[in-house]
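Each chain is listed here by its residues.
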Amino acid sequence: MAEAAGAHVLIFPCPLQGHVGSMLKLAELLALEDLHVTFLNTECIHNRLTRFGDIQALSACYPTLHFETISDCYNEGHHPGSGDSTMGDIMISTSLHAKPFFREILVSQHPGIPKVSCIIQDGIFGSLSNDLAAELRIPLIHFRTSSACCFWPYFWIPKLFECKELPIRGTKERGFIVGWAPQEEVLAHRAVGGFLTHSGWNSTLESLVAGVPMICWPYFADQQVNSRFVSEVWKLGLDMKDMCDRHVMENMVNDLMVHRREEFLRLSSNNGYVGPQELKMKAEETTDAHTHVAIFPCPVQGHVNSMLKLAQLLALRRFHVTFLNTDHIHHQLHRFGDIEALLQTYPTLQFKTIPDGLPHHHPRSGDTVLDLFQSINLHAKPHMRDILLSQSLGKPRVTCFIGDGVFGGLITDVANEVGIPIIHFRTISASCFWTYFCAPNLFESNQLPIRGFKLKLYHKNSEIAMENDDRAPAELEEGTKERGFIVGWAPQEEVLAHRAVGGFLTHSGWNSTLESLAAGVPMICWPSFGDQYVNSRIVSEVWKVGLDMKDLACDRNLVEKTVNDLMGHRREEFLNSAQAVAVLADHSVSPAGSSYSNLEGLIQYIKSVSEEVI
């Protein structure tokens, strides 16, 4: 069979809406030039395109455009969906599992379609297909879906470090910045009069024990509940979680350290604790020859610290204890802790490690910690099972498994397979866990009509999952039906182009920003993550086509004021600026415009490298 001739581009976006939308536009533009284009997507995203888009119409309009799918390795009905809490899960799963499917599509060939001669991969996946492209001698283009104004600052960060512009300095006369500190020792120092904390349970406990008042700035999960208890129940500090800027910070520090100092110090010293002391547990003289406990914490600092304390207490009773951790966290313990001293103090304590499945350079912290959870759930089970079944010289077999409750089903499955008792250990406070524990009853009694979130609880070795539908609360729909309309999905470009639209409240993703610019619609920017922060600043401070809410404490009064400014007081100013930018955008995509010319250059490049491959 004669091989079909011509260029054939495979396009592979990150399976997130903003990335898929822009790279599908690129696929259509290339297909307009009669290039063969295969748009490779995950099955979940392809199903959404079929549901909300019109793939049949695209295929009819662009005969050289084809769709192929690969699995992201989630079972149907158990896909995590979307949102900040699941993006990391989807991306890490795709990165870990896509390569064999990717290879199969690259080497396969269909009648009448030439072999793939160029790959355009989403730049966010980095080196995912580098080795495949090199092995198969196919040119590879990394396509970034963020704006040039956002990518350029990232691109220059190494240079800024080289010329010592970063990190930003200016606190050396007033403070000291370190990568790690012995927090209990610092809090116990007599010079410390207050503690600014994210309100993790370990930090909260250590501050309570040291009698140090707190300023709480919670970030996620149990921190929100802990901070409320500190400020509203125990009255041992102040809670900033609903608002924060430099003025709020200054006022709270002054309240804690000056105006209300005596009040908070008195309450902190009377909280029932007597100061930082070691738990006075009597050490056993003889080793328990039969009991061997394996402990597996979630590999995040707060979880590891509290479960390592538990390991020490059990070792004091001469139980054999195996502290099971990831290679990465074990290295951190070696670097910042003193494992050798622990082994000398507790002869029945030993450390064992397992890989977490992530590449060495992965940060494993902050917004990427979800990648870590997903990877461990995918890869830890066989390593964990081997350690639980193995027997070290002079030690009995593992007789009890204490696993971090955050992993729920994973540790339950392993314990059941090995046939040993399991204890789910929660590192959060009882006040927070009780809130989670009571949530199902609150739903049953209609105390919680909130919809649109997932709640997981672990009870009696079983995982209880509660999922509500994606609809907005009935109260919200009823209260806004005279003034607005809530939908699950809308054709955004068509909505923005409607003459009735006078403003756009957006998270400032680059797709939404571009579409609003092209439509000449002013924006209210409320960025959430990633490039959105840079985009919102460019919209408000450079192009002057909208207002930015990201640095302000956002509440209903601020939203109302910002909408009134955009739609009323400064309406003409923003409309004029937005329409001027819309004209520039139109010129850029017209013949001889910058975007038009750049696309032409890309098409010619693809054709030339494809000839070399063919």
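Check the entry above for the structure.
The present account deals with the structure reproduced in this document. Throughout, a residue's number is its position along its own chain's written sequence, starting from 1. Given that the model is predicted, a residue must reach a pLDDT of at least 70 before its local features are reported, and side-chain atom pairs must reach 80 or more before they are shown or counted; all residues, however, enter totals for whole chains, interfaces and linings. In computing side-chain properties, one takes all heavy atoms of the structure into account and sets aside hydrogens as well as water.

## Some remarks on the overall build of the protein
Filter applied, for reference: Put simply, DSSP H or I for four residues or longer makes a helix, DSSP E for two residues or longer makes a strand, and each gets a number counted from the N terminus. Three labels apply to residues, based on accessible area from a 1.4 Å probe with only protein chains included: buried if under 20% of the type maximum, exposed if over 50%, partly exposed otherwise in between. Between two residues, a contact is recorded if the distance between any of their heavy atoms is within 4.5 Å. The accessible surface values rely on the Shrake-Rupley method and a 1.4 Å probe; as for residues, cover is taken only from the protein chains in view.
When helices and strands are counted, the protein shows 24 helices and 18 strands. Sorting the 614 residues of the protein into buried and exposed places 39% on the buried side. Pairs at least 24 apart in sequence give 59% of the contacts found in the protein among residues at least 6 apart. Accessible surface, the protein as shown: approximately 34,800 Å² in total, 55% of it carbon and sulfur.

## Topic: helix H9 (residues 223–233)
An α-helix turns once every 3.6 residues. As a result, residues three or four positions apart point the same way. Here H9 has its buried residues at Gln223, Val225, Asn226, Ser227, Val230 and Ser231. In this structure, the buried side of H9 is in contact with helix H8 (201–210), strand S7 (214–216), strand S8 (237–239) and helix H17 (430–444). The first or second residue beyond H9 is Lys235, which carries a positive phi of 60°.

## Examining the side chain of Asn202
The condition that has to hold: Pairing of N or O atoms within 3.5 Å defines a polar contact, subject to two protein rules: one partner must be a possible hydrogen donor and the other a possible acceptor, and residues neighboring in sequence count only if both atoms are side-chain atoms.
Residue placement: Asn202 occurs in helix H8. Residue Asn202 is classed as buried on the basis of its relative accessible area of 17%. A polar contact of 2.4 Å, which involves the side chain of Asn202, links it to the backbone oxygen of Gly302.

## Quick word on the sheet that holds strand S6 (residues 195–197)
Defined as follows: Following DSSP output, two strands are said to pair if at least two bridges run between them. Every axis corresponds to a line fitted to the C-alpha atoms, with the helix fit spanning only the stretch in contact, and the corresponding angles, defined between N-to-C directions, vary from 0 to 180 degrees.
One open sheet accounts for three strands, arranged S6-S7-S8; its pairing is parallel. The strands lining the two open edges of the sheet, one partner per strand, are S6 and S8. Strand after strand, the sheet turns through a mean of 15° between neighbouring axes, direction not considered. Across three bridges, the pairing between S6 and S7 is parallel. The partner of Thr197 across the bridge, within S7, is Cys216.

## A word on empty space enclosed by the protein
Operational definition: For cavity detection a 1 Å grid was placed over the protein atoms alone, and a set of points counts as a cavity when a 1.4 Å probe fits there but cannot get out; an open set counts as a pocket when protein lies on both sides within 12 Å along at least five of seven lines, with lining residues being those that have an atom within 4 Å of a point. Grid points are joined across faces, edges and corners, and a volume is the space filled by probe spheres set on the points. Side-chain classes are defined by residue name, with Ala, Val, Leu, Ile, Met, Phe, Trp, Tyr, Cys and Pro counting as nonpolar, Asp, Glu, Lys and Arg as charged, and the others, Gly among them, as polar.
Taken as a whole and judged by the stated rule, the model has two cavities of 30 Å³ or more. For the largest cavity, the calculated volume is near 110 Å³. A class-by-class count of the residues in the lining of the largest cavity yields four nonpolar, six polar and two charged. The wall of the second largest cavity is formed by His292, Thr322, Gln350, Lys352, Ile387, Ser390, Gln391, Ser392 and Val398. Taken together, the residues that form the lining of the second largest cavity break down as two nonpolar, six polar and one charged.

## A look at unusual backbone geometry
Within the chain, Lys235 stands out as a residue other than glycine whose phi angle is a positive 60°. For Lys235, the location among the structural elements is in the loop between H9 and S8. Residue classification places Lys235 among the partly exposed residues on the basis of a relative accessible area of 40%. Positive phi, normally seen in glycine, also occurs at Arg318, with a value near 65°. Within the secondary structure, Arg318 is located in the loop between helix H12 (301–316) and strand S10 (320–326).

## Here we look at the packing of aromatic side chains
What counts here: The pairing test for Phe, Tyr and Trp rings, Trp by its six-membered ring, is centres within 6.5 Å, and the orientation test on the planes gives stacked under 30 degrees, edge-to-face over 60, and tilted for anything in between.
The final tally for this structure, using the stated rule, is 10 aromatic pairs. Look at Phe12 and Phe125: their rings are 5.5 Å apart centre to centre, the planes differ by 10°, and that puts the pair in the stacked class. Within this pair, whereas Phe12 is found in strand S1 (residues 8–12), its partner Phe125 is found in the loop between strand S4 (118–122) and helix H5 (130–136), the two being separated by 113 residues in sequence. Taking the relative accessible area as the measure of exposure, Phe125 reaches 8% and is therefore buried. Considering the side-chain rings of Trp510 and Trp543, the 6.4 Å spacing of their centres and the 35° angle between planes classify their relative orientation as tilted. Of this pair, Trp510 sits in helix H20 (residues 510–519) while Trp543 sits in the loop between helix H21 (532–542) and strand S18 (546–548), and the two are 33 residues apart along the sequence. For Trp543, a relative accessible area of 28% translates into the label partly exposed. These aromatic residues form a ring-pair network of at least three members: Phe12, Phe102 and Phe125.

## Considerations on the nonpolar core
The cut-off we apply is this: What makes a nonpolar core is a set of buried Ala, Val, Leu, Ile, Met, Phe, Trp, Tyr and Cys residues whose side-chain atoms join them at distances within 4.5 Å.
Ranked by internal contacts, the top residues of the largest apolar core, which has 25 residues, are Ile11, Leu30, Val37, Phe39, Leu65, Ile120 and Ile606. Residues within four places of Val37 in sequence aside, it is in contact with His8, Val9, Ile11, Ala27, Leu30, Ala31, Thr64, Leu65 and His66. With 24 residues, the next largest nonpolar core counts Leu358, Ala380, Val414 and Ala415 among its residues.

## Some details on the sheet that holds strand S5 (residues 140–143)
An order of S3-S2-S1-S4-S5 is seen for the five strands of this open sheet, with the pairing classed as parallel. Strand pairing shows two members of the sheet lacking a second neighbour, strand S3 (65–70) and S5, which therefore form its edges. Each strand axis lies, on average, 20° off the axis of its neighbour in the sheet, ignoring direction. Along the sheet, helix H1 (residues 17–32) makes contact with S1, strand S2 (36–42), S3, S4 and S5, crossing S2 at roughly 165°. Relative to S5, helix H24 (residues 594–613) is tilted by about 155°, and along the sheet it contacts S1, S4 and S5.

## Concerning the pairing of strand S13 (residues 422–425)
As paired elements, strand S12 (residues 400–404) and S13 share four bridges and run parallel to each other. Bridge pairing in S13 links Asp404 to Phe425.

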